Amino acid sequence: MFQLGKTIVSEDILEKEFVCNLSACKGACCVDGDAGAPLTVEENKILEDIFPIIKPFLRPEGIQAIEEQGTWITGTDGDFETPLINNADCAYVIFDGETALCGIEQAYNQGLIDWKKPISCHLYPIRIKEYTEFSAVNYNRWHICNDACTLGHELAVPVYKFLKEALVRRFGLEWYQELEKVAEELKK
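Residues numbered from 1 in each chain as written. Predicted model: local features only at pLDDT ≥ 70, side-chain atom pairs only at ≥ 80, totals over all residues. Heavy atoms only, no water.

(A) Seen up close, the sheet that holds strand β1 (residues 2-4). Strand order in this open sheet of 4 strands is β1-β2-β10-β9, and the pairing throughout is mixed. Two strands in the sheet have a free side with no partner beyond their single neighbour: β1 and β9 (126-130). Shown here is a sheet whose adjacent strand axes are inclined to one another by a mean of 25°, direction ignored. Pairing of β1 with strand β2 (residues 7-9), which is carried by 3 bridges, proceeds in the antiparallel orientation. Bridging across to β2, Phe2 finds its partner in Val9. Strands β2, β9 and β10 (135-139) of the sheet are contacted by helix α9 (residues 164-171), whose axis makes an angle of about 15° with β9. (Pairing = 2+ DSSP bridges. Helix = DSSP H or I, 4+ residues; strand = E, 2+ residues; numbered from the N terminus. Axes fitted to C-alpha atoms, helices over the stretch in contact; angles between N-to-C directions. Contact = heavy atoms within 4.5 Å.)

What follows is the structure, encoded as structure tokens:
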């Protein structure tokens with residue numbers, strides 16, 4: 001672990017390798033698990049605002065789950081998260097054949113909204129835990145991502161490089177550049 005500004009960062013994000021392999025996992029992170037994607041207070045408001053725009057991209061069962069539960073929910077642990085369809089798929093998930101994709105991201109890709117998706121989704125396999133004085137930045141190993149770890153190893157892409165766009169989105173370019181310096185120092 002090392003400190004970077006107001007973050008405590010796990011060295012795993014510098015040392016572990018990862019490249020999403022959708023052709024192998026089929027977007028399992030959007031349909032597996034026992035909770036929705038973690039959300040921030042700010043993201044709750046965004047989801048409320050963009051729902052009418054993204055609604056045409058969503059599956060009927062996703063729309064129904066959102067209309068019944070809301071665009072976001074408070075999970076059993078008290079944290080905010082996306083609603084689920086029958087305690088399984090994220091309500092915002094859509095499918096391209098067998099592959100799960102994000103309906104929010106599809107609207108973003110078509111230029112209809114300027115918010116890509118929840119930061120927790122964009123950052124995965126990094127998970128952020130907020131504390132009073134700092135944010136903990138950790139690598140989350142999940143068996144459904146074994147193919148992504150294998151591909152990352154084959155391509156020699158560390159987690160932090162794969163997630164550059166998301167890390168810059170969350171922490172800023174200056175923070176990311178400092179992270180790169182730490183990574184270079186650790187290589188020596």
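Once you've had a look at it, read on.
(B) Here's a closer look at the side chain of Ser120. With respect to the secondary-structure elements, Ser120 resides in helix α6 (residues 119-123). Within polar-contact distance, the side chain of Ser120 engages the backbone oxygen of Pro38 at 2.7 Å. If we skip the residues at most four places from it in the chain, Ser120 touches Ala37, Pro38, Ile126 and Arg127. (Polar contact = N/O pair within 3.5 Å; in protein donor to acceptor, adjacent residues only side chain to side chain.)

(C) A look at helix α4 (residues 60-69). Taken residue by residue, α4 has Gly62, Ile63, Ala65 and Ile66 as its buried positions. Buried residues of α4 fall within an arc of 160° about the axis and therefore sit on the same side. Facing away from the buried side of α4, by more than 90 degrees, are the exposed residues Pro60, Glu67 and Glu68. Contacts made by the buried residues of α4 are with α3 (41-54) and β5 (84-85). Gly70 sits one or two positions beyond α4 and adopts a positive phi of about 110°. (Buried < 20%, exposed > 50% of the residue type's maximum accessible area, 1.4 Å probe, protein only. Arc of directions from axis to C-beta.)

(D) Structural detail: α3. The terminal C-alpha atoms of α3 lie 19 Å apart, and with 14 residues this matches the ideal 20 Å at 1.5 Å per residue to within 8%. Of all the bends in α3, the largest measures some 35° and sits at Glu48, one to four residues before the proline Pro52. Looking at the packing, one finds that the buried side of α3 touches α4, β4 (80-81), α5 (103-109), α6 and α9. (Expected span 1.5 Å × (residues − 1). Bend = angle between axes of the 7 residues up to and from the residue.)

(E) Highlighting the side chain of Thr71. With respect to the helices and strands, Thr71 occurs in the loop between α4 and β3 (73-74). Not counting residues up to four positions away in its chain, the partners in contact with Thr71 are Asn44, Leu47, Glu48, Phe51, Ile66, Pro83 and Tyr92.

(F) View of the packing of α9 against helix α10 (residues 173-187). Interaxial distance between α9 and α10 falls to 7 Å at its minimum, and their mutual angle equals 125°. By the criterion of interaxial angle, the relationship of α9 to α10 is oblique. Within the contact between the two elements, α9 uses Lys164, Leu167, Val168 and Phe171 and α10 uses Leu173, Trp175, Tyr176 and Leu179. In terms of residue class, the contact of α9 with α10 is built from 7 nonpolar, no polar and 1 charged. (Parallel < 35°, antiparallel > 145°, perpendicular 65-115°, else oblique. Nonpolar A, V, L, I, M, F, W, Y, C, P; charged D, E, K, R; others polar.)

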